[in-house]
Structure formats: structure tokens, C-alpha cells
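Working through the structure, step by step
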Amino acid sequence: MTTDFLEYLMEDPLEIERQERKTDPGAVLAQAQWAGISAGMRVADIGCGPGLTSSILLDAVQPGGQVVGVDFSAERIQHAKNRYQRDGLFFQQEDFFGDLTELGTFDFVWARFVLEFHRSRAAELVAKLSRLVRSGGVLCLVDLDYNCLSHAGLPERVNATIQDVVKGLETNSDFDPYAGRYLYEHLFDLGYQDICLDMTSHHLIYGELDEVERYNWERKVLVAAKRSGCDFNRYQGDFDAFAKEFTTSFKKSRRFTYTPLISCCGKKP
Ligand SMILES: C[S@@+](CC[C@H](N)C(=O)[O-])C[C@H]1O[C@@H](n2cnc3c(N)ncnc32)[C@H](O)[C@@H]1O
């Protein structure tokens, strides 16, 4: 099946840098340990980006474990190989909607910040990933809810335009700002056992803006908002005027932004 959607909403020459800068290794490790990752496991990191998360997962399965990172970006897979490849860590350039049977089966399949980019095909993708999990193995899905939507303390037209942008992304780019709330039903519908859910904060931004968040949110605006199909009518169609007012007001200490992170894991029957 093909779609008219952009292949990856955040595709951009600075995407490797954005993903690496915003990844918190301690948080990734804690999420994977919560889901039961342990020494000796064979792990698939689906939508692995530039490979940092796969490298963190490899540490978590030592001794004796193995991680295969999969992403369709040739550039990010090449970067992952150059920067992170070592014993037990493999990277493969694949479209995860394609045939993944050659990857074999895994004790632990992990997909973080992936379903949000495939709203109309999320259930299909989870069913596909489930085929990679051995019987008794774990499937762990991690994604955001109200993604990019919860802000206070910004000028009204900035906040209203953000809501328009996200609507545009849902319609034009298959983005799902509510991907997190559906994780449970994906595993439930596939008959997973011992399903566990967790919810924490991914963004919890108030007071002075730190450099990592500043960079991440500016990239989101410059890449995704620009592609959203939004007409920026509150700025007379002037995207740059919106980007400037967003950047200025988002830096101010009065702004409060949060995004819930939902993790869901279960055992394949
Ligand atoms: C936001 S990044 C998530 C990276 C990493 N999982 C993390 O937790 O930080 C999403 C990744 O999914 C990849 N991706 C999106 N659609 C894909 C597809 N159809 N096949 C393979 N990779 C895909 C993108 O290339 C991108 O690197």
C-alpha cells in the first residue's frame, strides 16, 4: 500500500542532530527496564533513527544480548554504523512496512516515537511488529499523547496557530498527536498478555528554557509546521512571522508546556 504522505515528517538535514540532542539516555534505559529488558535478549529497535537508542538498549542486554536497529533513512543508518556499531549491535536500512522476515525473531521489540508518524497505519504496523516477537517475548510501544498541543502562557494567536498546525499535520502528513492513548488497544487487540501501562511527562517545560528544548521545538516549527499545510491566517499567511513570535514567546519563562509519554508493553501469547 502506498500513501500520498511525506515519507517522514521531520526529514531534514539536521534531523540526526535533533534526534541525538533530544535523546535522554537515562530515560530510554529506564523505559526499557520498566518493560523488562534484560541481559541476553535479542532486541529490535524499530525506527532507530541515528542509532543512539539502539546503543543504549545494547548496554541493557549485556552480557550476551544483541540489538538490531531498523530505519529507512540511509543517512541515519550510515551515521548509526559509523558512530555506534560494535559487537552485538547491527543496523539495517529497511522500510518497516516492508518484508521484515529476514530479521528473524526477537525476545524484545521496541518502537518509540514511531507510531505518531503513521496514524492511518498504526494498527497494521503493530501487527507487523508483533510477527517479529517470539512467543513469550515482549512488545514495547512508547509514544506521546496530546503531542505538541498543551501550552499555556503563550500569546493566544501562537497557541491557536499551533493547534491549526497540528490539525494540518493530522490531515496532510498522517501525524497522530494522540498516538499514546492507542498503545493499549493495539496490544489488547492482538491478544497480548500481562499488558502494563505507564505514563510520565516527556516535556515538562516551565521557567527558563534549556538549550535542548529550545533546539528541539525550533526544529519542529521550522520543519513540521512549515509542511503542515496550515495557512497561518492569524499572521496573514506569513510563516516567518509565526515562527518568530513562537520562538520569542516560547523562550519566555511564563510559558508552560507539557506532553504525556505513554509506555505500553505486553507478552506475546
Ligand atoms: C522520531 S524518530 C524516533 C527515533 C528513536 N526511536 C527514538 O526513540 O528517539 C522516528 C524514526 O522513524 C523512522 N521511520 C519513519 N517511518 C519509517 C518507515 N516506514 N520505515 C523505517 N523507519 C521509519 C524515521 O526515519 C525516524 O528516524
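Everything below is about the structure shown above.
Quick caveat, the model's predicted, so the values are computed rather than measured.

All told, the structure shown has 18 salt bridges when counted by the stated rule. Glu11 is the salt-bridge partner of Arg76, the closest N and O atoms lying 2.9 Å from each other. Here Arg76, found in helix α4 (residues 74–84), pairs with Glu11, found in the segment before α1 (15–22); they are 65 residues apart in sequence, far enough to count as distant. Judged by relative accessible area, which is 1%, Arg76 ranks as buried. Shared partners join several salt bridges into a network, and the residues in it are Glu17, Arg21, Glu211, Arg214 and Glu218.

We now examine the side chain of Asp12. Inspection of the secondary structure puts Asp12 in the segment before α1. Of the polar contacts made by the side chain of Asp12, one reaches the backbone nitrogen of Leu14; its length is 2.8 Å. Ignoring any residue separated from it by four or fewer positions in sequence, one finds Asp12 in contact with Arg219 and Val223.

Time to look at unusual backbone geometry. Here the residue pair Gln62 and Pro63 is connected by a cis peptide bond, since its omega of 0° sits within 30 degrees of zero. As for its placement among the helices and strands, Pro63 is situated in the loop between α3 (52–60) and β2 (66–71). Despite not being glycine, Asp174 has its phi angle at roughly 60°, a positive value. Locating Asp174 in the fold gives a position in the loop between α6 (156–173) and α7 (183–189). Accessibility expressed as a relative area gives 3% for Asp174, which makes it buried. Positive phi outside glycine occurs at Asp194, with the angle close to 50°. Note that Asp194 resides in strand β7 (residues 193–205). Residue classification places Asp194 among the exposed residues on the basis of a relative accessible area of 55%.

Let us now look at the layout of surface pockets. Reported here for the second largest pocket is a volume of approximately 390 Å³. Asp24, Ala27, Gln31, Ser201 and His202 are the residues nearest the centre of the second largest pocket, which is lined by 20 residues in total. Secondary-structure elements contributing two or more residues to the lining of the second largest pocket are α1, α2 (25–34), β7, α8 (211–227) and β8 (256–267). Per element, the largest residue contribution to the lining of the second largest pocket is 5 residues, and it comes from β7. Taken together, the residues of the lining of the second largest pocket sort by class into 5 nonpolar, 8 polar and 7 charged.

So, on to the packing of α1 against α4. Axis angle and axis distance: for two packed helices, these are the angle between their axes and the distance between the axes, and together they describe the pair. The interhelical angle for the contact between α1 and α4, taken along N-to-C directions, is 55°, at an axis separation of 10 Å. In this view, α1 runs oblique relative to α4, as classed from their interaxial angle. α1 and α4 meet at a crossing whose hand is right-handed. In this structure, α1 contributes Glu15, Ile16, Gln19 and Glu20 to the contact, and α4 contributes Glu75, Arg76, His79, Arg83 and Tyr84.

The next subject is the packing of aromatic side chains. Going through the model one piece at a time under the given rule, you end up with 13 aromatic pairs. Ring centres of Tyr146 and Tyr178 lie 5.8 Å apart, and the angle between their planes is 85°; on these two criteria the pair is classed as edge-to-face. Here the residue Tyr146 occupies a position in the loop between β5 (133–144) and β6 (151–152), and Tyr178 occupies one in the loop between α6 and α7, the gap between them amounting to 32 residues. The class of Tyr178 is partly exposed, set by a relative accessible area of 23%. Between the aromatic rings of Tyr235 and Phe242, the centroid separation amounts to 5.6 Å while the plane-to-plane angle is 65°, which identifies the pairing as edge-to-face. Classification of Tyr235 as buried rests on a relative accessible area of 3%. With a relative accessible area of 1%, Phe242 lands in the buried category. Taken together, the ring pairs connect Trp217, Phe232, Tyr235, Phe239, Phe242, Phe246 and Phe250 into an aromatic cluster. Sitting above the plane of the Phe97 ring, Arg121 keeps its charged end 3.9 Å from the centroid. Across from the ring centre of Phe250, 5.3 Å away, lies the NZ or CZ of Arg255, which sits over that ring.

The next thing to look at is the site of the ligand. Within the structure, the ligand sits among 16 residues, and Gly47, Asp71, Arg76, Phe96 and Arg112 are positioned closest to it. Within the contact set of the ligand, a nitrogen atom lies 3.2 Å away from a backbone nitrogen or oxygen of Phe72. Between His118 and the ligand, the recorded distance is 3.0 Å, taken from a side-chain N or O atom to a nitrogen atom. Across the complex, the protein chains shield 99% of the 600 Å² of accessible surface that the ligand would expose by itself. Split into classes, the residues belonging to the shell around the ligand amount to 6 nonpolar, 5 polar and 5 charged.

Procedures and definitions
Residues numbered from 1 in each chain as written. Predicted model: local features only at pLDDT ≥ 70, side-chain atom pairs only at ≥ 80, totals over all residues. Heavy atoms only, no water. Salt bridge = Lys/Arg side-chain N within 4 Å of Asp/Glu carboxyl O. Helix = DSSP H or I, 4+ residues; strand = E, 2+ residues; numbered from the N terminus. Buried < 20%, exposed > 50% of the residue type's maximum accessible area, 1.4 Å probe, protein only. Polar contact = N/O pair within 3.5 Å; in protein donor to acceptor, adjacent residues only side chain to side chain. Contact = heavy atoms within 4.5 Å. 1 Å grid on protein atoms, 1.4 Å probe; cavity = no way out; pocket = protein on both sides within 12 Å on 5 of 7 lines; lining within 4 Å. Points joined across faces, edges and corners; volume = space filled by probe spheres on them. Nonpolar A, V, L, I, M, F, W, Y, C, P; charged D, E, K, R; others polar. Axes fitted to C-alpha atoms, helices over the stretch in contact; angles between N-to-C directions. Parallel < 35°, antiparallel > 145°, perpendicular 65-115°, else oblique. Left-handed = near helix turned anticlockwise from the far one by under 90°. Phe/Tyr/Trp six-rings, centres within 6.5 Å; stacked < 30°, edge-to-face > 60°. Lys NZ or Arg CZ within 6 Å of the ring centre and 35° of its normal. Near = heavy atom within 4 Å. Areas by Shrake-Rupley, 256 points an atom, 1.4 Å probe, with all protein chains shown as cover.

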